[in-house]
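# Results of the structural survey
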Amino acid sequence: MRSGPKRTNLQSLPSPPLSSPRRSRSRHMDAGQVRSVYLTLHYYRAGDEGVVAHEIQISKDGKPLLKSTPAKPDQPDKLLFDKTQMPAVNRISCQRIGSKLYMVSREGWLPENVRGNLAYVLDAKSSGELVKLHELPSIDSEDPNIIAAHGRLYHLARPANNTSGRPMPFEVYDPSTRSWDPLPPLPQAPFFPYAKAPRLYYGYAVWGSCILFSLGFLGMTLTTIFFVPVLFNVESRTWHQVYVKHNMGRANGCFPWHDKAVVVGDTIYALGLKRGTIISFSITKSGSEEDGTLSYSLTTPYFLNGLKIISHPKYKHCKCKLQCWSPLGDFEFCLVQTTTSSDPKCQPFFITTFKIIHKEGTFSRIQSLFSALQFMGTQGYGHFLPLFCYNPDYEPKEALVTLKKDVLKQRNKIEGITQEIDNDILGIKPIEASLTHDEKVEMQNETNNVICSPCNVECLKLDSALGGESATTVEIKSSLGNIDSNSGDFEPEESTMDSTDPKCQPFVITTFKIIHKKGTFSRIQSLFSALQFMGTHGYGHFLPLFCHNPDYEPKEALGDFDKGRIKREKQDRRHLSGG
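Residues numbered from 1 in each chain as written. Predicted model: local features only at pLDDT ≥ 70, side-chain atom pairs only at ≥ 80, totals over all residues. Heavy atoms only, no water.

It is worth spelling out the sheet that holds strand 10 (residues 168–174) at this point. Taking strand neighbours across the sheet as the criterion, the 4 strands line up as 8-9-10-11 in an open arrangement whose pairing is antiparallel. Unpaired on one side and paired on the other, strand 8 (143–149) and strand 11 (179–186) mark the two borders of the sheet. Going across the sheet, the axis of each strand differs from the next one's by a mean of 25°, ignoring polarity. (Pairing = 2+ DSSP bridges. Helix = DSSP H or I, 4+ residues; strand = E, 2+ residues; numbered from the N terminus. Axes fitted to C-alpha atoms, helices over the stretch in contact; angles between N-to-C directions.)

What follows is the structure in structure tokens.
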């Protein structure tokens, strides 16, 4: 039987707000002088785990109002749920919209046992009761990642087979309509160079109408983290690469950042990868999407100096394992950190309040306000892991973005989920727009029962007629291709089928032009893509070896060896001619 204080069942939770009556001694203070930070904790012990909520009250000058000691530790204010309500507590993701806290988890532990999603909502300023969210994310995910932006929830799902190179599904939830709508998925390429690299989510930032994601993947040694920032434009519904310097691609204590970052103009403040550090960097935009020169980049991050965390000979904050933070308004923040303890009765929590002295165009710094060591009673719970914390009375202002219904209806299907794909990113090659409807229908009839798979072999030929900047790719597939006469696009789909037609073999002939942009991201302008067939009777199968244009050869610089050879040839000719 569980030892320690008896816990309240979920069905018998009290209806008042989260604030506990035992905190009434601080209620004599003016409401404007007290700020509350609601901390969501995941507790776990052998055979039991769940989620509890705890309130931290902070005075106007940044000092926590409650004190606790190892002999008299504080107790969690409220039990939200245990394993009977949410089986996969370790997969829970929390975000807030206003005063409402949204918690989403998958149902089932192993990927093959995932049976769907579970979600709950807690409004800390109203009844304080936990309400089950019936409008669940439509995408099953091994690890749901919930993002709050523009008054909506976004769900970036990590597929069960995270190393397969498949796109990461993406969807949005609108609380006003209580519905989930699919969005273009995050492609594997060109953001993640290795198809079998597990994609990891760390945090995000809301920058205007864009969401900046802090993603990454582990290196071969599983100790090095490669930072991969990507950006999603909510208005244009497109994914974009974000440029970082090559030496920032590896973990340097700053990137990838954790949790939701705070954005002030183009300046971003976030929790660094190294525990107990606050970093700052900026995002810049250049070019335009109309001419294909649009690009985003991050400046070199730096650590903000001035953060002072209380020290204790027995409990050292440098050993903190997990942390979370919450903005309080006016550039003030509350940082909550915890670490494991050998004391079976309590667990230490470092609660630090600080203010960021924002300096536009120069280095910002931190002004520490207060740091206290608090203790949480662990009897009956085990260990606590912080999941999320927030101040229900303050939420950073974000741009309002309207999603047009007619845009939401334009979707493609991927993995049985309705999605819209960015053709430029995925490299889908369009059919020549000048084809008539009858020609498209005829082409469709020729390949009606054929499924396209990734090309096994391809070769590249430069075309002098297009100035040497264009190219023709000749692709040979192990199975045939399917051309949609309605969309005019050549849509590749994964397949392991080989071509069963003994009389011909398909060739995909594609011409394109590289729009070269010096110093920024170049892009491709597709010219034409056609499906041709080569007779295989008497030959079997074809494998391309090489292709070239005899009328064009790229100009190359002459090396020292070639210069010497030409000089010797001239001398030999003069000698033979008697000159």
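So, on to the layout of surface pockets. By volume, the second largest pocket amounts to about 910 Å³. Sorting the residues of the lining of the second largest pocket by element identifies strand 4 (93–97), strand 8, strand 12 (199–207), strand 16 (258–264), strand 21 (322–329) and strand 25 (383–390) as the ones contributing at least two each. Tallying contributions element by element places strand 12 first for the lining of the second largest pocket, with 5 residues. Here the residues of the lining of the second largest pocket are counted per class, giving 16 nonpolar, 8 polar and 6 charged. (1 Å grid on protein atoms, 1.4 Å probe; cavity = no way out; pocket = protein on both sides within 12 Å on 5 of 7 lines; lining within 4 Å. Points joined across faces, edges and corners; volume = space filled by probe spheres on them. Nonpolar A, V, L, I, M, F, W, Y, C, P; charged D, E, K, R; others polar.)

Burial analysis of strand 21 places 7 of its 8 residues in the buried class, which makes it a mostly covered element. Here 7 bridges tie strand 21 to strand 22 (residues 332–338), and the two strands are oriented antiparallel to one another. Among the inter-strand pairings, W325 is bridged to a residue of strand 22, identified as L335. Joining the antiparallel neighbours strand 21 and strand 22 is a turn of 2 residues, in which D330 adopts a positive phi near 60°. (Buried < 20%, exposed > 50% of the residue type's maximum accessible area, 1.4 Å probe, protein only.)

Attention shifts here to the environment of V104. Within the secondary structure, V104 is located in strand 5 (residues 100–106). Linking V104 and D143, residues 39 residues apart in sequence, is a C-alpha distance of 9.8 Å. Sequence-distant contacts of V104, defined by excluding residues within four places in its chain, comprise R91, I92, S93, L118, A119, P137, P144 and I146. (Contact = heavy atoms within 4.5 Å.)

Read across the sheet, 4 strands follow the order 3-2-1-25 without closing on themselves; strand pairing throughout is antiparallel. Looking at which strands have only one partner, the edges of the open sheet turn out to be strand 3 (78–82) and strand 25. Neighbouring strand axes in the sheet, compared pairwise and without regard to direction, differ in orientation by 25° on average. Across 12 bridges, strand 1 (residues 34–45) lies against strand 2 (residues 48–59) in antiparallel orientation. Opposite V34, over in strand 2, you have S59 as the bridge partner.

Here the focus is the pattern of salt bridges. Counted by the stated rule, this structure contains 3 salt bridges. The partner of E332 in a salt bridge is R35, and the shortest N-O contact between them spans 2.8 Å. Of this pair, E332 sits in strand 22 while R35 sits in strand 1, and the two are 297 residues apart along the sequence. According to the relative accessible area criterion, E332 is buried, its value standing at 13%. Note that D330 is salt-bridged to K355, the shortest N-O span being 3.6 Å. Residue D330 is found in the loop between strand 21 and strand 22, and its partner K355 is found in strand 23 (residues 346–357); the two are separated by 25 residues along the sequence. Given a relative accessible area of 23%, K355 falls into the partly exposed group. (Salt bridge = Lys/Arg side-chain N within 4 Å of Asp/Glu carboxyl O.)

Position of H42 among the secondary structure elements: in strand 1. Note on H42: relative accessible area 6%, which makes it buried. At 2.7 Å, the side chain of H42 forms a polar contact with the side chain of E49. (Polar contact = N/O pair within 3.5 Å; in protein donor to acceptor, adjacent residues only side chain to side chain.)

For the rest of this paragraph, the subject is unusual backbone geometry. At the junction of F255 and P256, the peptide bond is cis and its omega measures out at -5° in the coordinates. Among the secondary structure elements, P256 is positioned in the loop between strand 15 (238–243) and strand 16. Here the phi dihedral of H150 falls at roughly 60°; this positive angle occurs in a residue that is not glycine. As for its position among the elements, H150 is in the loop between strand 8 and strand 9 (152–158). According to the relative accessible area criterion, H150 is buried, its value standing at 5%. Even without glycine at this site, D330 takes up a positive phi of about 60°. Looking at D330, the relative accessible area reads 54%, which means it is exposed.

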